[in-house]
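Residue-level structure breakdown
Spelled out from the first residue to the last, the chains are:
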Amino acid sequence: EDKVVQSPLSLVVHEGDTVTLNCSYEVTNFRSLLWYKQEKKAPTFLFMLTSSGIEKKSGRLSSILDKKELFSILNITATQTGDSAVYLCAVEAYPGGSQGNLIFGKGTKLSVKP
Amino acid sequence: KAGVTQTPRYLIKTRGQQVTLSCSPISGHRSVSWYQQTPGQGLQFLFEYFSETQRNKGNFPGRFSGRQFSNSRSEMNVSTLELGDSALYLCASKPPAENYGYTFGSGTRLTVV
């Protein structure tokens, strides 16, 4: 069965720290890997990664994908209290599998203390 | 540009009842997927619709069903509700372009009592 595993499950840091969130996957019909931030309800889209070794950046957030080793990392530098959220990693598979198009990990709950 | 709209935001139902949830995708998005989110299981795929056709279905019992209309709006229905159906139900839509991610709605929080 396809699966996506995130680590750590939770993390507490102080403002200004840098954090690295991990996502490993075993998905047979890999299409892309996506990162989402979920604060209250709607997961909000952060990055979509399809090519190995190419870093995507948006402000203090960056992510990279390693398709050979089947993992991705999400880095957040100079963390702020507003970064507190659950970060979800999802692998998009080609249509047809019973687990659907997006297979999610359980998420990493990040808490940033002032 | 309007996002993905889900209604209602909250619902409280009694065991044995049925419920219908609605999702309006972003204009131009033809793919609509539904997910159930619970603290223990995380996000689990329910089904996906594309151009009014169910393209994919997750491992949920037949009490969970859905449909999509010609304007891409989608509904999901849960019959004979059970306590374990209490969850946040999220809808996501995706544009035709391949290099765009899914956009999620704010969800419907269903509580079964």
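Here is a short report on the structure shown in this document. The shown structure was predicted, so the numbers you read here are calculated from the model rather than taken from an experiment.

Quick look at the overall build of chain A now. Looking only at helices and strands, one finds zero helices and eleven strands in chain A. Going from the N terminus to the C terminus, chain A shows its helices and strands as β-β-β-β-β-β-β-β-β-β-β. Expected size for 114 residues packed as a compact globule is a radius of gyration near 13 Å; at 14 Å, chain A falls within 12% of this value. Considered along the principal axes of its C-alpha atoms, chain A spans approximately 45 × 30 × 20 Å. The buried share of chain A, reckoned over its 114 residues, is 46%. Taking as baseline every contact in chain A between residues at least 6 positions apart, the subset at least 24 positions apart corresponds to 55%. Surface summary for chain A: the accessible area is close to 5,400 Å², and the carbon and sulfur share equals 50%. Across chain A, the 13 positively charged side chains and the 11 negatively charged ones have centroids separated by 5 Å.

What follows deals with the interface of chain B and chain A. On the side of chain A, 21 residues touch chain B, which itself brings 29 residues to the contact. Summing both partners gives a buried area of about 1,900 Å² for chain B against chain A, and 51% of it is carried by carbon and sulfur. If you look at where chain B meets chain A, you find one salt bridge. Here glutamate 92 of chain A ties to lysine 94 of chain B by a salt bridge, and the two come within 3.8 Å at their closest N and O atoms.

This brings us to the side chain of serine 33 of chain B. Its location among the elements puts serine 33 of chain B in strand 4 (residues 31–38). Since its relative accessible area comes to 0%, serine 33 of chain B is described here as buried. With sequence-adjacent residues up to four places away left out, serine 33 of chain B is seen in contact with Asn101 of chain A together with Phe45, Phe47, Glu48, Leu90, Cys91, Ala92 and Tyr102 of chain B.

Another point: the pattern of salt bridges. Counted according to the given criterion, the structure contains nine salt bridges over all chains. A salt bridge links arginine 31 of chain A to glutamate 92 of chain A; its shortest N-O distance comes to 3.9 Å. With arginine 31 of chain A in strand 4 (residues 30–38) and glutamate 92 of chain A in strand 9 (residues 85–93), this residue pair connects regions lying 61 residues apart in the sequence. Arginine 63 of chain B is the salt-bridge partner of aspartate 85 of chain B, the closest N and O atoms lying 2.8 Å from each other. Of the two residues, aspartate 85 of chain B is situated in the loop between strand 8 (74–78) and strand 9 (87–94) and arginine 63 of chain B in the loop between strand 6 (53–57) and strand 7 (64–68); the sequence distance between them amounts to 22 residues. Judged by its relative accessible area of 15%, arginine 63 of chain B is buried. Within this structure, Arg31 and Glu92 of chain A together with Lys94 of chain B form a network of salt bridges that share partners.

Rules and cut-offs
Residues numbered from 1 in each chain as written. Chains lettered and ligands numbered in written order. Predicted model: local features only at pLDDT ≥ 70, side-chain atom pairs only at ≥ 80, totals over all residues. Heavy atoms only, no water. Helix = DSSP H or I, 4+ residues; strand = E, 2+ residues; numbered from the N terminus. Rg over C-alpha atoms; globule rule 2.2 N^0.38 Å. Buried < 20%, exposed > 50% of the residue type's maximum accessible area, 1.4 Å probe, protein only. Contact = heavy atoms within 4.5 Å. Areas by Shrake-Rupley, 256 points an atom, 1.4 Å probe, with all protein chains shown as cover. Lys, Arg positive; Asp, Glu negative; His and termini not counted. Charge placed at Lys NZ, Arg CZ, Asp CG, Glu CD. Buried area = accessible area lost by both parts, 1.4 Å probe. Salt bridge = Lys/Arg side-chain N within 4 Å of Asp/Glu carboxyl O.

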